[in-house]
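# Structural characterization, general
Below are the chains, spelled out letter by letter.
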2 protein chains.
Amino acid sequence: MDTLPALLIVLVVAKVLGELVERAGFPALVGEIAAGALLGPALLGIVTMDDTIGTFADIGLIVLLFTSGLQLNMRSFRNSVRTGFSVALWGVIIPLLGGTAAGLVLGFGHVESLVIGITLSITSIGVSLRSLIDLHQLKTDVGLAIVSAAVIDDAIGIVLLGSLSALALKESQVSNLAVLLLLAALFIGLLLTVGRRALVWVFKASQKAHTHEMSYSVALVLGLLTAVLSNGAGLHYAIGAFLAGLVLGDSIRSDQTLYDSLFDLAFGFFVTIFFASIGLLFPSDLSHFSVFLLVALFLLALATKTAGGLAGALPAFKNYRKSFLVGLGLCPRGEVALVVVKVSLAAGLLSAALFSTLTIVIIGTVLVTPLLLAWGFSSPKKGQESPSDAR
Amino acid sequence: MDTLPALLIVLVVAKVLGELVERAGFPALVGEIAAGALLGPALLGIVTMDDTIGTFADIGLIVLLFTSGLQLNMRSFRNSVRTGFSVALWGVIIPLLGGTAAGLVLGFGHVESLVIGITLSITSIGVSLRSLIDLHQLKTDVGLAIVSAAVIDDAIGIVLLGSLSALALKESQVSNLAVLLLLAALFIGLLLTVGRRALVWVFKASQKAHTHEMSYSVALVLGLLTAVLSNGAGLHYAIGAFLAGLVLGDSIRSDQTLYDSLFDLAFGFFVTIFFASIGLLFPSDLSHFSVFLLVALFLLALATKTAGGLAGALPAFKNYRKSFLVGLGLCPRGEVALVVVKVSLAAGLLSAALFSTLTIVIIGTVLVTPLLLAWGFSSPKKGQESPSDAR
């Protein structure tokens, strides 16, 4: 199919299924991913992932993270970072150890078991954020803890991915990791000091331009640029986009028309393509792997992440329900985990059967977590944001 | 270069040059095309046209035409159609005959001369519209005459392209043309009757959806869908997008936030990529053709279209200056003319040297016409729209 009709049909089916799922009381993203699975190679085979759809999906993830950053206040985010560290750390260690141990018990080799552990340890910041937005929980204390943990988790994930690549390429692992960490720290440090002033200055300058759409273009450009630079510094581009949004939040929130327009661009178009593209990755050949393994790894993925998040959040929240919701919110694995299994397959660290199984586990967590979160948040307790307060 | 950084650099350079050109008092699109020529193979060679940039450019042309349709009132457009027919007809016949005759005089064969004639006869509706928008002249009597003539011209152009393809493929020309015309007439007829009600109904239904961005998505989907269908019916997709905008104008104009948001999407992002992509097509190898031929064909392109437009508009306007401006407004050749020379080159109807020459002539008219129009409209006369009235 030509690219334009393909994009069009993806957008239409994803929006329709998203609306149906939302009317049933669940986050729309579940319908959007289902639309991708329906149209993609797994079922109908009408649309396949290509470079162009991939670029639209990349922009989708970037504007999702950028607009998420825009919604948050730098100060409230900074306050949640300490809890976020503890949550992210436990939320990575328990799935990493649990996944590796389970791999060994199930009879896989050392390397394959390690790949299982790494895959289960990296949260999808995109899916976590979108679930919170769809459920109007982004700005609550639980939401903020999930977001900051997911950002830090993503940074840890990149380090794990780096060590995996080093393992795959049989390079000296230690020096590589040191360079990675240094570059990432340098990028975040520069962005939050010099970069912060530069971004705000450029945006304010754009408001004086002769062309009306200039501040819109500039906001978009700054989000994309920081994302691309973040990717260049070895971090996932989601992190750069999120931090750019956080930095520009105060300036852009003061222009309500622009703010609304950026949300329309994100949630009315690109973000939907991103979630549908996750569904497009659902594998078509489901013949050669065991249902037992799939179910076991899937339950392990949910249990270890929830336990890790709970353990990390409990000292701060001192409340089992909230801490449990934090753990649940970190359950979706996504972009980075999919890269981990792809890199491992290409490097021969993973069998094709285990690759397909892990891919389904990843997409499974993305589909199921929002449903569990909707259920978890549904009993109204104190500290919950009123829906009218959020988009 | 990766696609995302390439898109980003195109957007940044195009916006900066567009702003500079606009501050100098000329339409921003000239700067955007220049940005493409600067970054593309003709000069720096940093960015090359690929499928992904092509898809962004296609969407750019579609949203340009769609938002242009949105701005216009169906009734005032309908009133301008009769003048439009006369202008379009003369504006095609004179360049067609003039171009073919000039080709024969300059010593080209019959087929090559005919290709020259066809190339010079098809106006770029995208560039004409954007020039009028940048100059705040879209809704004036001159602007409306140019728009309706450009739409009809585009339909005639598709017929000429069809006959050229038939010539290239040595098929029976007459039956092919009849089918083309019938399909095109059927599409426009259905769109303006049943389709009109259906589009408005779907849009109104979307306003009741649970997701806030739904009416934005639906407006976009309806524009893209009509464009794709129009392309399927043998018309250029620009025509479908324009008519969809015209049909949905009343409904969408009543929601100012949505209307603004669609303009941001168009002029803040996609439309800029479309104009920059025209510059990317500027050929890199300028060694093997004659400056004399280039200048001769370029002047012929401007003279014949202006004369044709003038002849067609004079009976209605009874005013030389306005009729001259109508002719000038039709001078840019673009999307369809580029397809004509590409098809002809591929079919062996055109030498590589003449192909490059015609490509430069086409891009030259796109760069020069907005400057001429800015000069032509600059002496304030009655019937001119006040700039504050338009975006």
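Quick notes on the rules
- Residues numbered from 1 in each chain as written.
- Chains lettered and ligands numbered in written order.
- Predicted model: local features only at pLDDT ≥ 70, side-chain atom pairs only at ≥ 80, totals over all residues.
- Heavy atoms only, no water.
- Helix = DSSP H or I, 4+ residues; strand = E, 2+ residues; numbered from the N terminus.
- Rg over C-alpha atoms; globule rule 2.2 N^0.38 Å.
- Buried < 20%, exposed > 50% of the residue type's maximum accessible area, 1.4 Å probe, protein only.
- Contact = heavy atoms within 4.5 Å.
- Areas by Shrake-Rupley, 256 points an atom, 1.4 Å probe, with all protein chains shown as cover.
- Lys, Arg positive; Asp, Glu negative; His and termini not counted.
- Charge placed at Lys NZ, Arg CZ, Asp CG, Glu CD.
- Buried area = accessible area lost by both parts, 1.4 Å probe.
- Salt bridge = Lys/Arg side-chain N within 4 Å of Asp/Glu carboxyl O.
- Polar contact = N/O pair within 3.5 Å; in protein donor to acceptor, adjacent residues only side chain to side chain.
- Least-squares fit on C-alpha atoms with pLDDT ≥ 70 in both.
- Expected span 1.5 Å × (residues − 1).
- Bend = angle between axes of the 7 residues up to and from the residue.
- Axes fitted to C-alpha atoms, helices over the stretch in contact; angles between N-to-C directions.
- Parallel < 35°, antiparallel > 145°, perpendicular 65-115°, else oblique.
- Nonpolar A, V, L, I, M, F, W, Y, C, P; charged D, E, K, R; others polar.

Next up on the list: the overall build of chain A. When you go through chain A residue by residue, the secondary structure sums to 15 helices and zero strands. Computed over its C-alpha atoms, the radius of gyration of chain A comes to 20 Å, within 12% of the 21 Å expected for a compact globule of 391 residues. The principal-axis extents of the C-alpha atoms in chain A amount to approximately 65 × 45 × 45 Å. The buried share among the 391 residues of chain A stands at 60%. Within chain A, residue pairs in contact and separated by at least 24 positions form 79% of the contacts whose partners lie at least 6 positions apart. Just so you have it, chain A exposes about 14700 Å², and 68% of that area is on carbon and sulfur atoms. Placing the 22 positive and 22 negative side-chain charges of chain A at their respective mean positions leaves the two points 13 Å apart.

What follows is about the interface of chain B and chain A. At the interface, 43 residues of chain B touch 43 residues of chain A. Taken together, both faces of the contact between chain B and chain A bury some 3800 Å²; the carbon and sulfur share is 72%. Applying the counting criterion to the chain B and chain A interface returns zero salt bridges. On the surface where chain B and chain A come into contact, there are six residue pairs in polar contact (both at pLDDT 80 or more). The biggest single contributor to the side of chain B that touches chain A is helix α1 (residues 3-23) of chain B, with 11 residues.

Let us look at the relation of the copies chain B and chain A. When chain B is fitted to chain A, the best match, at an RMSD of 0.0 Å, comes from turning it 180 degrees and sliding it 0.0 Å along the axis. What the rotation and shift describe, once combined, is the action of a two-fold rotation axis. A share of 100% of interface residues in chain B that are also interface residues in chain A marks the association as one of identical surfaces.

This part takes up helix α12 (residues 291-317) of chain B. In a regular helix each residue adds 1.5 Å, so 27 residues correspond to 39 Å; α12(B) covers 38 Å between its end C-alpha atoms and thus fits that length. When the local axis directions of α12(B) are compared, the greatest deviation, roughly 25 degrees, occurs at B:A311, which is followed within four positions by the proline B:P315.

Moving on to the environment of B:G279. All names here are of chain B. Considering the arrangement of structural elements, one finds G279 in helix α11 (residues 256-280). Accessibility expressed as a relative area gives 1% for G279, which makes it buried. The contacts of G279, once residues within four sequence positions are left out, are I33, G36 and A37.

All names here are of chain B. It is at 9 Å that the axes of α1 and α11 come closest, and there the two elements cross at 95 degrees. If you check the angle between α1 and α11, you find them roughly perpendicular. For the pair α1 and α11, contact is made by L7, V10, L11, A14 and K15 and by F267, G268, F269, T272, I273 and A276, respectively. Partitioned by chemical class, the residues of the contact of α1 with α11 number eight nonpolar, two polar and one charged.

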